[in-house]
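Summary of structural features
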Amino acid sequence: MVEWRPLRAAVRPVPEPVPTPFVWVAAFIGALLTVGVLSAANGLTDPLHALLVLCVLAALLGVCARFAAAPGTAAVCWLFLNGFAVPPQGELAWQGYPDAGRLAFLMVAALLGTVIARLVNARGAYRRITTGGDRDARS
């Protein structure tokens, strides 16, 4: 027999994502610090290094964000990448396919972080909701 319980009664099975504006502010500050540190460490000689580090930042921010925050997170990271890491440095310019590819990489990284977090949270919620005997019987 199935016993129905309200999920919101005691403990929320899945953590609430961080509000989108907070994620965008964190992306702004994180991208600014990332580009600044890379510039100080002379790591901006190749824009690929900055792109990879900003993709990691976007994925980490995606872990605690909603899906709706991914485009803004990618755009903020791309603005810092395009403005300070890709020649000509200090000015924003759309270069066509290279910039579209960079923006796509950042978007995929942010979405990948969010998807991974949702899967981990769903698995944890399933384990918290089901009892030990039911889970072992299905395996």
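See above for the structure.
Below: a short report on this structure. Just so we're clear, the structure is a prediction, and the values are computed from it rather than from any experiment.

Cut-off values and rules
Residues numbered from 1 in each chain as written. Predicted model: local features only at pLDDT ≥ 70, side-chain atom pairs only at ≥ 80, totals over all residues. Heavy atoms only, no water. Axes fitted to C-alpha atoms, helices over the stretch in contact; angles between N-to-C directions. Helix = DSSP H or I, 4+ residues; strand = E, 2+ residues; numbered from the N terminus. Parallel < 35°, antiparallel > 145°, perpendicular 65-115°, else oblique. Left-handed = near helix turned anticlockwise from the far one by under 90°. Contact = heavy atoms within 4.5 Å. 1 Å grid on protein atoms, 1.4 Å probe; cavity = no way out; pocket = protein on both sides within 12 Å on 5 of 7 lines; lining within 4 Å. Points joined across faces, edges and corners; volume = space filled by probe spheres on them. Buried < 20%, exposed > 50% of the residue type's maximum accessible area, 1.4 Å probe, protein only. Phe/Tyr/Trp six-rings, centres within 6.5 Å; stacked < 30°, edge-to-face > 60°.

Next up on the list: the packing of helix α3 (residues 70-85) against helix α4 (residues 97-129). Between α3 and α4, whose axes approach to 8 Å, the crossing angle comes to 135°. Between α3 and α4, the interaxial angle falls into the category oblique. For α3 against α4, the interelement crossing comes out right-handed. Between α3 and α4, the residues in contact are A70, P71, A74, A75, C77, W78, L81 and N82 and D99, R102, L103, L106, M107, A110 and L111, respectively.

A separate point is empty space enclosed by the protein. In this approach a probe as big as a water molecule rolls over the atoms, and the regions it shows empty are the leftover space. Per the stated rule, a full pass over the model turns up one cavity of 30 Å³ or more. There is about 30 Å³ of room inside the largest cavity. Forming the boundary of the largest cavity are V23, A58, L61, G62, A65, A69, A70, T73, A110 and T114. Elements that contribute at least two residues to the lining of the largest cavity include exactly α2 (47-63), α3 and α4. In terms of residue count, α2 provides more of the lining of the largest cavity than any other element does, three residues in total.

Another point: the environment of A27. Inspection of the secondary structure assignment puts A27 in helix α1 (residues 20-40). A27 sits in the buried class, given a relative accessible area of 0%. Residues contacting A27, with those up to four places away along its chain left out, are L57, L61, T73 and V76.

On to the packing of aromatic side chains, then. Enumeration over the complete set of coordinates arrives at three aromatic pairs. Pairing F28 with F80 gives two aromatic rings, centres 5.1 Å apart and planes at 70°, and the pair type is edge-to-face. You can see F28 sitting in helix α1 and its partner F80 sitting in helix α3, a full 52 residues away along the chain. On the basis of relative accessibility, which here comes to 44%, the residue F28 falls in the partly exposed class. Aromatic ring contacts, followed pair by pair, group F28, F80 and F84 into a single cluster.

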